[in-house]
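Structure at a glance
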Amino acid sequence: MPARPDNVGWVYDSRRSKFYMFPGFYFGTQGPQPPTPAGMGCASAGSVTNSAVIFDPVTKLYTPATWPAPPGGRPGDNSAYGGDIGSDFAVYDPIGDMVYRWRVGALERLDLTANSWPSLINASTFFGDATYDFHSDQPAIDIIGRAVYVVQRNFGGSGWWLIKYNIGSQNMTRVAIPAELSATLPTQTDFETYTVFDSASR
């Protein structure tokens, strides 16, 4: 496995029966590590944080991504994918053939059919009352309900919210998380939240 990934985007593409890994945090950036498979562009800290990879469960091999890297100038550190302080997690939508990942306070989308990155969708466009940073918050997807969810932390006294992105309308809404539920959630930026969607109970 390339460079010992920790917080990374790891999604399963059910259309193509492949797994995709998007850069986040790799322990390979912290010093000498076991050898990385040749030909993958992941031999050094600098390259591993700029490269997505595809894993084939049949061949058991990792290969370089077939799509281009995100456009430059997007939120996060200087790496193409945002790195550990830009974007850590991702989800895949098999209906739209799209990968969703939060890029600090903006939703980043990878259109796998078109092999392109549409423009960012900023949370501040819809709410505008806080500093948004979801890079350490794992999103959850409701495939049937056509929505992506993520937890908004209480940054700057803005309160705790559950953010919903409507895939069809490309709008965002939010609902407050009650204090008795949010009291134990982490506010530190180096902690993570992990959101899951119960598709059976909805």
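This one's a predicted model, so the numbers in the text were calculated from it and none came from an experiment.

Pairing in this open sheet of four strands is antiparallel, and the strands run β5-β6-β7-β8 from one edge to the other. Of all the strands in the sheet, just β5 (91-93) and β8 (121-122) have a single pairing partner and so form its edges. Summarising the sheet, strand β6 (residues 98-103) and strand β7 (residues 106-111) pair through six bridges and their orientation is antiparallel. If you follow Val-99 over to β7, its bridge partner there is Leu-110.

The next thing to look at is the environment of Trp-117. Mapped onto the elements of the fold, Trp-117 is located in the loop between β7 and β8. For Trp-117 and Val-99, which are 18 residues apart along the polypeptide, the C-alpha to C-alpha distance reads 9.6 Å. Residue contacts for Trp-117: discarding those within four places in its chain leaves Phe-22, Trp-67, Pro-68, Ala-69, Pro-70, Pro-71, Arg-74, Tyr-81, Arg-101, Glu-108, Arg-109 and Leu-110. Within polar-contact distance, the side chain of Trp-117 engages the backbone oxygen of Pro-68 at 2.7 Å.

Mean pLDDT over the protein: 84, with 83% of residues reaching 70 or higher. Confidence drops under pLDDT 50 across residues 39-47; counting only partners more than four residues distant or on other chains, this segment forms 18 contacts.

Here we take up the sheet that holds strand β13 (residues 171-176). One open sheet holds the four strands; their spatial order is β10-β11-β12-β13, and the pairing between them is antiparallel. Of all strands in the sheet, those with a lone pairing partner are β10 (140-142) and β13, marking the two edges. The mean inter-strand angle of the sheet, taken between neighbouring strand axes irrespective of direction, is 25 degrees.

Before going further, it helps to examine the pairing of strand β12 (residues 161-166). Of the pairings in the sheet, the one linking strand β11 (residues 147-152) to β12 comprises six bridges and is antiparallel in character. Paired with Val-148 across the strands is Tyr-165, a residue of β12. Examined bridge by bridge, β12 and β13 share six bridges and lie antiparallel to one another. Residue Tyr-165 lies in a different strand from β13, and its bridge partner there is Met-172. With antiparallel pairing between neighbouring strands as the criterion, β12 and β13 make up a hairpin whose turn holds four residues, including Gln-170 at a positive phi of roughly 60 degrees.

Here is what the cut-offs are and how they apply
Residues numbered from 1 in each chain as written. Predicted model: local features only at pLDDT ≥ 70, side-chain atom pairs only at ≥ 80, totals over all residues. Heavy atoms only, no water. Pairing = 2+ DSSP bridges. Helix = DSSP H or I, 4+ residues; strand = E, 2+ residues; numbered from the N terminus. Contact = heavy atoms within 4.5 Å. Polar contact = N/O pair within 3.5 Å; in protein donor to acceptor, adjacent residues only side chain to side chain. pLDDT = per-residue confidence, 0-100. Axes fitted to C-alpha atoms, helices over the stretch in contact; angles between N-to-C directions.

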